[in-house]
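# Summary of structural features
The lines below spell out each chain.
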Amino acid sequence: MNRSDGLVQRRNVIRDSNSDGALKENHDVDDKKNDKNYDDGDSKETRLTLMEEVLLLGLKDKEVRLHTSFWNDCISSGLRGCILIELGLRGRIELERAGMRRKGLLSRKVIVKSDTPTGDVLLDEALKHMKETDPPETVQSWIEYLSGETWNPMKLKYQLKNVRERLAKNLVEKGVLTTEKQNFLLFDMTTHPLTDNVVKCRLVKKVQEAALRRSISDVAHTDKRSLALLMLAHSADVLENAFAPLSDEDYELATRRVRALLDLDFEAEAMRTDACEIMWAVFAAFTK
């Protein structure tokens, strides 16, 4: 992977015969404790995961009927990077200790810190794979395994299938997209047109403001989710969709600041107090 390459409504499907609501509430509370940047947001607003946000950024307004399979190749690995960072921010996974030899981010293995379900099917599926894998694997390996981009036939079982379609269905459940059948010459195809443009506009504005914010260069005090969204959108090759409406001056400033983020010393940033090492390891994997 290189810098030009690629790169949930929480579906609380876990049921308890005694108390479904209590389980959902416990998952939400755990995630907020683990992720200090957990955006609870306004109750009237739709909360999206990093995966859903990257997917939604890829839908251009003039292509709202675009089928989720017909995308650039970068978004596949980008979405897997979203999964790893989301699990990291929620306190489910972490990197092994660097040790006396100070192993680099890409050499350190991913360790399951907590196997408490997140309530999201894709996240929990990935977490289950990581928990059952012995010996542990690196961040870069997991991106390849989860996306199916591995030459090892023994690791193909880890591939997360139909990720874009499953994320699109999540967005349908949240009322952001809808499901329709569209005729393409000799066959019908399921499409997911955009129905709630307010959510999409809010997301685009959030990305633009994050890039234009003067403090974005001070990553130690920058919201982790905003930083992750910028970097993942770049890696998934969908960032341009958010920057396109900007004026020439703001566009130049935004792209310059993203380039500055790409030039950071990820190893040094990961050593900062309260840093999410998984996040920086994913960035390193995509910019290698």
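Reading the values: rules and limits
Residues numbered from 1 in each chain as written. Predicted model: local features only at pLDDT ≥ 70, side-chain atom pairs only at ≥ 80, totals over all residues. Heavy atoms only, no water. Axes fitted to C-alpha atoms, helices over the stretch in contact; angles between N-to-C directions. Helix = DSSP H or I, 4+ residues; strand = E, 2+ residues; numbered from the N terminus. Parallel < 35°, antiparallel > 145°, perpendicular 65-115°, else oblique. Contact = heavy atoms within 4.5 Å. Nonpolar A, V, L, I, M, F, W, Y, C, P; charged D, E, K, R; others polar. Salt bridge = Lys/Arg side-chain N within 4 Å of Asp/Glu carboxyl O. Buried < 20%, exposed > 50% of the residue type's maximum accessible area, 1.4 Å probe, protein only. Core = buried A, V, L, I, M, F, W, Y, C linked by side-chain atoms within 4.5 Å.

The geometry of helix α5 (residues 139-147) relative to helix α12 (residues 277-286) is characterised by a closest axis approach of 9 Å and an angle of 70° between their N-to-C directions. Accordingly, the angle class assigned to the pair α5 and α12 is roughly perpendicular. Here V139, Q140 and I143 of α5 lie close against α12, whose contacting residues are I278, A281, V282, A285 and F286. Class assignment of the residues belonging to the contact of α5 with α12 gives a composition of 7 nonpolar, 1 polar and no charged.

Another aspect to go through is unusual backbone geometry. Following D134, the chain continues to P135 via a peptide bond in cis, the omega torsion being 5°. When you line up the elements, P135 lands in the loop between α4 (121-132) and α5. Even without being glycine, N162 reaches a positive phi, approximately 55°. Along the polypeptide, N162 turns up in the loop between α5 and α6 (163-173).

All chains considered together, the criterion is met by 14 salt bridges. For E53, the salt bridge goes to K206, with nearest N and O atoms at 2.6 Å. Of the two residues, E53 sits in helix α2 (residues 50-57) while K206 sits in helix α7 (residues 197-212), which places them 153 residues apart along the sequence. The exposure class assigned to E53 is buried, which follows from its relative accessible area of 7%. Overlapping salt bridges bring together E86, R90 and R225 as one network.

Tracing the backbone through its elements, the reader meets E86 in helix α3 (residues 74-89). Exposure remark for E86: the relative accessible area of 0% places this residue in the buried category. In this structure, E86 is in contact with T49, L50, L123 and R225, ignoring residues within four places of it in sequence.

Okay, the nonpolar core next. Counting residues in each nonpolar core, the largest one holds 76 residues, and the members touching the most others are V139, L230 and F243. The element best represented in this core is α12, accounting for 9 residues. Dropping the residues within four chain positions of it, L230 is found in contact with V207, A210, A211, I216, L239, F243, V258 and L261.

Bringing α5 into the picture now. Here α5 lies mainly inside the structure; 8 of its 9 residues are buried. For α5, every residue scored as buried is listed here: V139, Q140, S141, W142, I143, Y145, L146 and S147.

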